[in-house]
Amino acid sequence: MIATPLFLFFLGVVFVLVWLFAKTIDNRKWLTFLISLVLTPVVYFYIFYPLLNIFCSFHHQKYFDELAWNEKPALRFEMSKEILEKQLFIGKSKNEVEALLGASEWFGWDDSLKLNSSNKWNYKMGYKPGAFNLSQECLELVFKNNKVSSTTQYQLESTFE
């Protein structure tokens, strides 16, 4: 594990909390310090860190990679930030998009036509990492004149029957 300032800060906080708890058990400073020193890594990695991961939705950012997009769909969400911020697909034709992302998983609804339009391609990107995430993230590419005009990310509510 890399000793970043945030990691050292959290480790210090856990050490102080364990030391205060151990101090309630025994007033001998050397024993309290020894117990705190031994228990701090255990408390940090088995209690504090898992709770931090449950309530914070941190995830790694990955650069877009067409091979990973097609072979590892679980990693798609991690590529979404680059896709949206850099607008990687704006101006690309349907053939170019299909070569990079594969065939559309489904077509989006077009209110003006009152049916699913072949100009709105949708792809599942998986679930946002973290606890309590029940909505699947999706990417929609809208085509005008056979070129991508916009890309949007939205959440698809999961239904459990």
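Counting of residues starts from 1 at the beginning of each chain's written sequence and follows it residue by residue. The model is predicted, so local features are restricted to residues of pLDDT at least 70 and side-chain atom pairs to those at 80 or more, both for listing and for counting; the totals for chains, interfaces and linings are taken over all residues. Side-chain figures throughout are based on the complete set of non-hydrogen atoms in the structure, without hydrogens or water.

Concerning the pairing of strand S1 (residues 106-110)
Rules: A pair of strands is labelled paired if DSSP reports no fewer than 2 bridges between them. Think of it this way: any DSSP run of H or I at least four residues long counts as a helix, any run of E at least two long counts as a strand, and we number them from the N terminus.
Where S1 lies against strand S2 (residues 115-127), five bridges are found, and the strand directions are antiparallel. Across the sheet, the residue bridging to Gly-108 is Ser-117, located in S2. Between the end of S1 and the start of S2, which pair antiparallel, lie four residues, with Lys-114 showing a positive phi angle near 60°.

Some details on the pattern of salt bridges
Side-chain pairs of opposite charge can arise whenever the charged atoms involved come near each other. What counts, and what does not: The working definition used for a salt bridge is a side-chain nitrogen of Lys or Arg within 4 Å of a carboxyl oxygen of Asp or Glu.
In total, this model carries three salt bridges according to the counting rule given. The residue Arg-76 makes a salt bridge to Glu-105 at a minimum N-O spacing of 2.7 Å. One end of the pair, Arg-76, is in helix H4 (residues 76-85); the other, Glu-105, is in the loop between helix H5 (94-101) and S1, with 29 residues separating them in the sequence.

Side note on the sheet that holds strand S3 (residues 135-144)
Operational definition: To get an axis, fit a line to the C-alpha atoms, keeping to the stretch in contact for a helix; angles then go from 0 to 180 degrees between the N-to-C directions. Residue contacts are defined here by distance: any two heavy atoms, one from each residue, within 4.5 Å place the two residues in contact.
One open sheet accounts for four strands, arranged S1-S2-S3-S4; its pairing is antiparallel. Every interior strand has two partners, whereas the edge strands, S1 and strand S4 (147-157), have only one. Taking the axes of each pair of neighbouring strands and ignoring which way they run, one obtains an average angle of 35° across the sheet. Across seven bridges, the pairing between S2 and S3 is antiparallel. Paired with Gly-126 across the two strands is Glu-137, which belongs to S3. With respect to the sheet, H5 is in contact with S2, S3 and S4, its orientation differing from that of S2 by roughly 25°.

Brief notes about the packing of aromatic side chains
For clarity, the cut-off: Here a pair means two rings of Phe, Tyr or Trp (six-membered ring of Trp) with centres within 6.5 Å. Their orientation is stacked below 30 degrees between planes, edge-to-face above 60, and tilted elsewhere. The classification of residues rests on relative accessible area computed with a 1.4 Å probe and restricted to protein chains. Under 20% of the type maximum is buried, over 50% is exposed, and intermediate values are partly exposed.
Under the counting rule described, the total for this entry stands at 12 aromatic pairs. Relative to Trp-69, the ring of Phe-64 lies with its centre 6.1 Å away and its plane at 55°, an arrangement referred to as tilted. An identical accessibility class is assigned to Phe-64 and Trp-69; each is buried. Relative to Tyr-123, the ring of Trp-69 has its centre 6.1 Å away and its plane inclined at 75°; by these criteria the two rings are edge-to-face. Of this pair, Trp-69 sits in helix H3 (residues 66-71) while Tyr-123 sits in strand S2, and the two are 54 residues apart along the sequence. Here the two residues Trp-69 and Tyr-123 agree in accessibility, since each one is buried. Among the aromatic residues, those joined into a cluster by ring pairs are Phe-7, Phe-9, Phe-10, Tyr-44, Phe-45, Phe-48 and Tyr-49.

Examining the side chain of Arg-76
Look at Arg-76 and you get buried, because its relative accessible area is 6%. With near-sequence residues (within four places) excluded, Arg-76 lies in contact with Trp-69, Glu-105, Tyr-123, Lys-124 and Met-125.

A short note on the pairing of S3
In terms of burial, S3 is largely enclosed, as nine of its 10 residues are buried. Bridging between S3 and S4 involves 10 bridges; their strand directions are antiparallel. Bridging across to S4, Lys-144 finds its partner in Lys-147.

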